[in-house]
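# Notes for the structure review
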Amino acid sequence: MNFDFSDDQKMLKEQVRKFLADKCPMKVVRRVLDGDETHAAEVWAGMAELGLMGTAIPEAYGGTGLGPLELCVIAEELGRACAPVPFSSSVYLVTEAIKRWGSEAQKKAWLPRLADGSAIGTLATSEGPQAPTPKSVRVSFADGKLNGIKVPVADGEAATVAVVLVNSGGTGARSLSLALVDLTNGGVARTRVATVDPARKHAQITFSDAKAELLGGKGKGVQLLNELYDGAAVLFAFEQIGGAEAAMWMGRDYALQRQAFGRVIGSYQAIKHKLADVYVKTELARSNAYYGAMMYAEGGADLPIAAAAARVAATDAYDFAAQENIQTHGGIGFTWEADTQFHYRRSRLLALAIGGPTAWKEKLVTRLERKNAA
Amino acid sequence: MNFDFSDDQKMLKEQVRKFLADKCPMKVVRRVLDGDETHAAEVWAGMAELGLMGTAIPEAYGGTGLGPLELCVIAEELGRACAPVPFSSSVYLVTEAIKRWGSEAQKKAWLPRLADGSAIGTLATSEGPQAPTPKSVRVSFADGKLNGIKVPVADGEAATVAVVLVNSGGTGARSLSLALVDLTNGGVARTRVATVDPARKHAQITFSDAKAELLGGKGKGVQLLNELYDGAAVLFAFEQIGGAEAAMWMGRDYALQRQAFGRVIGSYQAIKHKLADVYVKTELARSNAYYGAMMYAEGGADLPIAAAAARVAATDAYDFAAQENIQTHGGIGFTWEADTQFHYRRSRLLALAIGGPTAWKEKLVTRLERKNAA
Amino acid sequence: MDFNDTPEEAAFRQQVRTWLDANATRKSDDKTSIRARVDDPELLKKAKVWQDKKAQAGYARITWPKEYGGLGGTPIQQVIYSQEEANYLVPLGFFDIGLGMCIPTLMAYCGPEVLGRYVKPALHGEEVWCQLFSEPAAGSDVAGIRTRAERDGDGWVINGQKVWTSGAHYSDYGIIITRTDPGVPKHQGLTMFYIDMKSPGVEARPIKQISGAANFNEVFFTNVRVPDSQRVGEVGQGWKVALTTLMNERLAVGTPAGGVDVDELLELARDTELEDGPAIRNASVRGKIAEWYVQSQGLKYTKFRTLTSLSKGQQPGPESSIAKIVAAPKMQDLGAFAMELMGQAGIMTRDVPGAGAFQQQWMFGAGFRIAGGTDEILRNIVAERVLGLPQDIRVDKDVAFNELGKK
Amino acid sequence: MDFNDTPEEAAFRQQVRTWLDANATRKSDDKTSIRARVDDPELLKKAKVWQDKKAQAGYARITWPKEYGGLGGTPIQQVIYSQEEANYLVPLGFFDIGLGMCIPTLMAYCGPEVLGRYVKPALHGEEVWCQLFSEPAAGSDVAGIRTRAERDGDGWVINGQKVWTSGAHYSDYGIIITRTDPGVPKHQGLTMFYIDMKSPGVEARPIKQISGAANFNEVFFTNVRVPDSQRVGEVGQGWKVALTTLMNERLAVGTPAGGVDVDELLELARDTELEDGPAIRNASVRGKIAEWYVQSQGLKYTKFRTLTSLSKGQQPGPESSIAKIVAAPKMQDLGAFAMELMGQAGIMTRDVPGAGAFQQQWMFGAGFRIAGGTDEILRNIVAERVLGLPQDIRVDKDVAFNELGKK
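An unreviewed UniProt entry annotates chain C as Acyl-CoA dehydrogenase of Vineibacter terrae. Quoted straight from UniProt, the Sequence similarities (unreviewed entry) entry for chain C says "Belongs to the acyl-CoA dehydrogenase family." UniProt lists a comment for chain C under the heading Cofactor (unreviewed entry), and it reads "FAD".

Where an unreviewed UniProt entry is consulted, chain A appears under the name Acyl-CoA dehydrogenase, with the organism given as Vineibacter terrae. Per UniProt, chain A carries the Sequence similarities (unreviewed entry) text "Belongs to the acyl-CoA dehydrogenase family."

The following block contains the structure:
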């Protein structure tokens, strides 16, 4: 039985943790949240120096040639730090998409720049408050040109390249495709949109005859997005677990210090049991995420189930940990000066990023049915 | 604002409460649960003396001519006592059905006997572990004869008359009707079935050319059952609220007496907050049930919504109160000698009696949609 | 069982309506008109004018005796007035703390000269009052306060900090609880004063909340001088005085008006497409709508039960204590769930269904679970006052305040 | 990351399998054959025979040193053996308390003559042991025990009552904690003994549970004489001794094997029609299945993480403490929900899908949330041991046992 990360992976984790504790404390998150920057550029630069963005990119394309397990430990630490950087958009999603389905030319054009952080990727699927489905997606791709509006797009202002879910003609599921767009070319207009977590800026992107190429074959958008999301779900889960643990310890530390009625509040069962419940949810999520990581790394047939389970558990854990961290803090926890807010905001951002818990539960059971029928 | 029961109704409630405290303490429930009797006949006889079964039956048919509000207060007290009597089957359901849809002959034949308790009614809809639907109901009615098996039938052994959901030919919803059967005639075989609450015995009834009459018109079974259930849901809700409160106070009394680590366990937040949650759920249920009672009494257009809301809230309250009463008691609460079990068993019986909470939530939202569309 | 007024109540309602029709503008159904009104910077001025008008008609505090400018009316009459007033475009909310908590406290402890000076201006909206109890280290445990008042000649000097004070920046007066003797157990060394908020050394700063709004203040006291004549109650009896005030507060705290609830969620679910069809057709969405509906209605009819008691001239039962325990988490959860229905766009605070109101619910819900008594404190209260369960062990009971936390 | 054995583990597993194949019958997939076996009244006899066989091969207690009849093996080897043994039709469970808790306690506190007399017969299944700790007034608070042991010449006389004793009626010996000095605070006046369960004055009666089953006993002690040589540890040190035993218990408590879980619920949902179609098509049913699946898998992989630590020769982390907190309420809730899917027939305990197993889960779940540490105690443990939060206030700390509850 060897159901754990390797010593090397743990060392990498420790390294990233130290780097972020040093370069990305909560005051950096606060700065980005409160300010105009799209992300913490100096943190991003430091991460590039450590080669983090190229973790799962083959050496031939400028990466370090490691794999999903290394991404998992990085993701956990980014979550712990509430890091205000476009890592999930660029690495979990766009890098993976290009790596898997890009032509040789597309890979050569983008992977080295994604690896060294000089390019930032984003995945653009949403077109407002509804699920992006063949019925609802209006951004169109035809004759190498993209037209229409995507909103919200995570890290959309900072991004240099986007993978976009487009309607490429036809009907039903086959009408959707993925397209690759260099956002620095013409025909791309971006405006910031207000969200509950301004520590990760989101944009509305309007495409007006923007030059684009298909990625991974016409009409395969739904299928590819599902595949992409399975791997990403595992990474998001680790990020959520990191966040949940950070929120848990923040609440616990406060509970050890804050007094009410002559005792620290951490000696009251209402607080103790609440924090114990956070711990329980976080451990359930971690165990599910480990299996997800293993399946992701070995390309196991169980990945779709494992990824959905990890995603469901981790979303639940982070939502609960972040909200009960505020509650444990009491009044001070609801003030702008408190750091509790960062996890509360981020938990919702991550929960909705690649489909919410209801959608993932539905996926999970569909996949269980399929497995049991097989 | 006069959103409360009248003084007369409160006096009736007090009277029933005293009667049950005196004649139907928990040892009577235990006796029926543990023994062979179908119900506590002496309690039933005492209730008949008080005229309780005839509460909502017009004086012309031997009742006392009161109404739904009086039934509500009786129901609450029966719930509090976990009374091992066939009141819900006979009064909430069969008496109501005959009163509403019976021919003059049927009313004359049955209502006086139901009123004085010499007849006991039961509603037979279930045919095993599935929802009774036009697709699944196999008990057939043709040429005045009933054939097939109903199981489980609440109070099926004690009952003298049954209202039975039958397939009367045809297709879809119109294939179902209600039939009235004198169970003391031939063609009726009953055997006891084991359930989680033997304090209310259930039977399997096999009909073999049993003589029967339609009740309320052919093909109207689904519609009539729904109407019948709306009123019954309010009464069941009061019974559940009575049970929930009894379980709550049982747990509270124990928590005031049981010591652990040098203090009564009722001084620990885990117990205090658990019991506070029980109180909250019970009060939510009570308030919803009051509105249900008002709508039931005045035949208000809002009854379908109010009844569903009362049913959903009361089922939740009793389930939670009964299970956490055992938990508050700890080990002793899980022993046969403890009275905690009666509410735990009864809570499940009442939750599933006329459709479970999932089904009632579905009904509630359907009705809300209809109301909002109107 | 009905929701009807008694004949007396109906007559009073009619009288109130007639007066309101003559003196204010009835709301249209257009909700934006109300919103616009609330953002009006001149609101306080207008509120003072309206308050004066009400006071002249006797409607400013219906249950107060006539000698104090009230109507000598019943609690249910107060409810009827408020129900009716809510249908008119009038600016409310500035005087609730003063008239609901501060002045009643003065009435209980001060003499005729104080009351003669302050009651009328408060009632007529000329002077606004605030309540200075909470401190950074005294939240749920209000008695843990550290703000000191020290004797200085025939007066007192106050130093310290209060937080979560509503309206401190526009208030004229406030009642403040202070520690006058740190050498005795914490409930015993407290003394209450009323103070002029314009005194030198009083500084109110807004507290910015997570939501970005600043509904409260922190107030700093630096060598603020208060004459002994402004003491409310005996020296060392401040806790007893505060309980009078807090009892009035508990009655006032309830569900915040407005905001989106289950009706709006139902509408959202009807209008929103999930991957597999309209959200409203999803049984799991329907289940949640049903649960929240039952909670909303439960609270509504619980309130009706309370009103029934008032209408009968009885004391309301303990059932009203459940309101915030239910409403606050619902607000947070319902908001979060609605956001989820909107997909990735659920994080957007504009250009979404409800115009960001669901996002606000989710955000404010986190605060509402804390303000005016945390979920945990409220459960303690229910367990102790309704169910008669004992208080938790109090280790600070017999320990001098300045010895607390030293062992 | 993988689930594979190390080469050494694989070799050990193969060795165990070979031995089991030679000495026992492999289970078929037919679950009824196992059930039939479990109801066998001759089970204890057969279990003793099997235990003896295991002991002779060194497999009875793999981690014990060879001098005590063990294999001197590692915890992961014990796990591997148990995993493999679970695939064979062998009678288990009678010796876990004796070998897992009682004998290790003797090993820690008794001399060679005692160990020489008792270890071998226990290991070989000749003598069965039970543990006599809980009492009617000492459940979560084990130290609250009242069973007295009083000096009488060179021995002791025991009077009192124990409860929740597994296997008391077929046990030969038991370890029992008693109060020998009620005049000191409650943790200090305790003393541990081992006793012959066939002694005059010992009477075991089954405790009938809500479920109708009687898995436990209450045991009454009336003037039971015990020589001082059967004392375990010093007089007054009984609590310290008990902690040794309980530490071993915590490791043993886990999810009860067998029973229906989310796979069976999925099957039920597929086969059951609700009013509006198959239950499995209902999103609310699907949502619940997903949540319980995530819990089940979470516990499974948490166990794998623990095994990984064992495999690496490390101490397992605190993550295993979550198992019962999650499993017990799930058992209760999942059972209740499955019953609901069956409609009114859900209350039937026979002739329903799962043959009553879901109904049993619902019923037993209520007990499982209490047995071996209530939900509440387990959350305390997580909060204190994992998160480092302080114990609740202990008012009984310095109070003599016979003064408790007197004020």
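### Some words on the interface of chain C and chain B
On the chain B side, the residues contacting the 50 residues of chain C number 46 residues. With both chains or domains summed, chain C and chain B bury close to 4300 Å², and 64% of this area falls on carbon and sulfur atoms. Area buried by chain C at its contact with chain B is led by C:Met1, C:Arg305 and C:Leu387, which between them contribute 20% of it. Our count for the chain C to chain B interface comes out at nine salt bridges. A salt bridge links B:Glu369 to C:Arg286; the shortest N-O distance between them is 2.8 Å. The interface formed by chain C and chain B contains 22 residue pairs in polar contact (both at pLDDT 80 or more). Contributing elements (two or more residues each) for the side of chain C that touches chain B: α8 (262-271), α9 (283-311), α10 (323-341) and α12 (375-386) of chain C.

### Points about the pattern of salt bridges
Pairs can form between side chains of opposite charge once their charged atoms are near each other. Residues and elements named next belong to chain D. In the structure shown here, the tally under the stated rule is 112 salt bridges over all chains. A salt bridge links Glu84 to Arg17, with the shortest nitrogen-to-oxygen separation between them at 2.8 Å. In this pair, Glu84 sits in helix α4 (residues 75-85) while Arg17 sits in helix α1 (residues 7-23), placing the two residues 67 residues apart along the sequence. The exposure class of Glu84 is buried, given its relative accessible area of 4%. For Arg17, a relative accessible area of 31% gives the class partly exposed.

### A word on the domain arrangement of chain A
Residue and element names in this part refer to chain A. Split into domains, chain A comes out as domain 1 (7-100), domain 2 (121-218) and domain 3 (223-373). The C-alpha-based centres of domain 1 and domain 3 are spaced at 19 Å. Taken together, the 23 residues of domain 1 in the interface contact 30 residues of domain 3. At the boundary of domain 1 with domain 3, total buried surface from both sides reaches about 2300 Å², with 66% on carbon and sulfur atoms. If you sort the residues of domain 1 by the area they bury against domain 3, Arg30, Glu76 and Tyr92 come out on top, with a joint share of 24%. In this assembly, domain 1 and domain 3 are joined by three salt bridges. Where Glu245 meets Arg80, a salt bridge forms, and the shortest distance between an N and an O atom there is 3.2 Å. For the interface between domain 1 and domain 3, the tally reads ten residue pairs in polar contact (both at pLDDT 80 or more). Contributions of two or more residues to the side of domain 1 that touches domain 3 are made by α2 (26-34), α4 (68-81) and α5 (87-101). The element contributing the most residues to the side of domain 1 that touches domain 3 is α4, with nine residues. For the side of domain 1 that touches domain 3, the class distribution of residues is 15 nonpolar, two polar and six charged.

### Observations regarding the nonpolar core
A:Phe87, A:Leu146, B:Phe87 and B:Leu146 are the most contacted members of the largest nonpolar core, which totals 410 residues. Beyond its immediate stretch of four places on either side in the chain, B:Leu146 contacts B:Val139, B:Ser140, B:Phe141, B:Val164, B:Val166, B:Ala179, B:Val181, B:Phe207, B:Ser208, B:Asp209, B:Ala210 and B:Ala212.

The rules behind the values
- Residues numbered from 1 in each chain as written.
- Chains lettered and ligands numbered in written order.
- Predicted model: local features only at pLDDT ≥ 70, side-chain atom pairs only at ≥ 80, totals over all residues.
- Heavy atoms only, no water.
- UniProt positions renumbered as here; feature names shortened; annotations may be inferred.
- Contact = heavy atoms within 4.5 Å.
- Buried area = accessible area lost by both parts, 1.4 Å probe.
- Salt bridge = Lys/Arg side-chain N within 4 Å of Asp/Glu carboxyl O.
- Polar contact = N/O pair within 3.5 Å; in protein donor to acceptor, adjacent residues only side chain to side chain.
- Helix = DSSP H or I, 4+ residues; strand = E, 2+ residues; numbered from the N terminus.
- Buried < 20%, exposed > 50% of the residue type's maximum accessible area, 1.4 Å probe, protein only.
- Domains from an automatic or database assignment.
- Nonpolar A, V, L, I, M, F, W, Y, C, P; charged D, E, K, R; others polar.
- Core = buried A, V, L, I, M, F, W, Y, C linked by side-chain atoms within 4.5 Å.

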